[in-house]
Amino acid sequence: MGFLDILLGRSKPAVPDLDQLFGLPSAALTLQAAAGFTPTGTGAVCFASVEGAAFAQAHQEAQALLDADTGRTGPPVERSRDEYGYSWLVSRRTPEDLPALVSDLHAVNSSLEGTGFGPQLLCSVVGFEDDGQRRLGLVYLYKRGTFYPFAPLAGGGERRDNALELQIKAVLSDDLRVEQDLARWFPIWGAPGL
C-alpha cells in the first residue's frame, strides 16, 4: 500500500486463500469438543452462473473431477440452483470423512478459479449438527478469505440463531480466520445441507 493510498483512505481488498479450507477438519474437532456439533458430511460451493460455453465447460470439468474419485461412496456430486438464482455444487461424504469433503470443495474452487471464473465464486459451506438437531454451517467467503457461522433456526421461516453464531465465533477464533465484520455474515437460506 502506498502513501497516497493511506492518505486517501484506500485499502487493498482481501485476497482469497483457498488453503484456509484445510483448517476445517481441526476446527471441527474444536467445534465438537466445545459445542457438540459434528459434521453432516455435506458441503457445497456457491457461485453465480454465467451464460456461455466456457463457463459451462469449466463447471462440467469441476464436476467430472469430483465424480472421478474412485473412493467416493454414495451419490455423485450434484448441482442445484436456489431461489435466488445462484448455483450450488454439492458434495456428500460420510460424516467421518471431512478431509475428503474439504478436498472436494477446494478442488471445485480451484478449478473455477484456474479457468478464470474466480469472480463468480461466492462461498463454500460445510454442514454440522448437534444432538438436539440444531443445524450449523461454517461458511467460507471466497472474496474475503474468511469464515463465519450460519445457524438457521428449525421450524421453517427465515430466522437464525444469532446467539449460537456468536458462541461459535468465539469457539473457533483460534482455529479459523473468522470474519470480524458481522454485516458480512450473509444468510444463505436454502443452502444445500443446512
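Refer to the structure above for everything that follows.
Residues numbered from 1 in each chain as written. Predicted model: local features only at pLDDT ≥ 70, side-chain atom pairs only at ≥ 80, totals over all residues. Heavy atoms only, no water.

**As for the overall build of the protein chain**
And step 1. Along the backbone of the protein chain there are five helices and six strands.
And step 2. Going from the N terminus to the C terminus, the protein chain shows its helices and strands as α-α-β-α-β-β-α-β-β-β-α.
And step 3. Going through the 194 residues of the protein chain one by one, you find that 44% of them count as buried.
And step 4. For the protein chain, restricting intrachain contacts to residue pairs at least 6 apart in sequence, the fraction spanning at least 24 positions comes to 65%.
And step 5. Carbon together with sulfur atoms contributes 55% to the accessible area of the protein chain, which is approximately 9700 Å² in total. (Helix = DSSP H or I, 4+ residues; strand = E, 2+ residues; numbered from the N terminus. Buried < 20%, exposed > 50% of the residue type's maximum accessible area, 1.4 Å probe, protein only. Contact = heavy atoms within 4.5 Å. Areas by Shrake-Rupley, 256 points an atom, 1.4 Å probe, with all protein chains shown as cover.)

**A short note on the packing of aromatic side chains**
And step 1. One pass over the structure, following the stated rule, counts three aromatic pairs.
And step 2. Note on Tyr140 and Phe147: the rings are 5.1 Å apart at their centroids and 55° apart in plane angle, and the pair reads as tilted.
And step 3. Relative to Trp189, the ring of Phe150 lies with its centre 5.2 Å away and its plane at 75°, an arrangement referred to as edge-to-face. With Phe150 in strand E6 (residues 146–150) and Trp189 in the segment after helix H5 (162–172), the pair connects residues that are 39 residues apart, well separated along the chain. (Phe/Tyr/Trp six-rings, centres within 6.5 Å; stacked < 30°, edge-to-face > 60°.)

**A closer look at the nonpolar core**
And step 1. Residues Leu31, Trp88, Ile168 and Ile188 are the most contacted members of the largest nonpolar core, which totals 47 residues.
And step 2. Mapped onto this core, the elements with two or more residues apiece are helix H2 (24–35), strand E1 (38–47), strand E3 (87–92), helix H4 (98–114), strand E4 (121–129), strand E5 (135–141), E6 and H5.
And step 3. Every residue in contact with Ile188, bar those within four places of it in the chain, is listed here: Trp88, Cys123, Val125, Val139, Tyr148, Phe150 and Leu194. (Core = buried A, V, L, I, M, F, W, Y, C linked by side-chain atoms within 4.5 Å.)

**Considering the pairing of E6**
Moving residue by residue along a regular strand, the side chains alternate between the two faces of the sheet.
And step 1. Taking burial as the measure, the five residues of E6 include five buried ones, the bulk of the element.
And step 2. On E6, burial covers both faces: Thr146, Tyr148 and Phe150 on one face and Phe147 and Pro149 on the other are all buried.
And step 3. Both E5 and E6 contribute to a ladder of five bridges, which runs antiparallel. Across the sheet, residue Gly137 finds its bridge partner in E6, namely Phe150.
And step 4. Connecting E5 to the antiparallel partner E6 that follows it, the hairpin turn spans four residues, and Gly145 within it adopts a positive phi of roughly 70°. (Pairing = 2+ DSSP bridges.)

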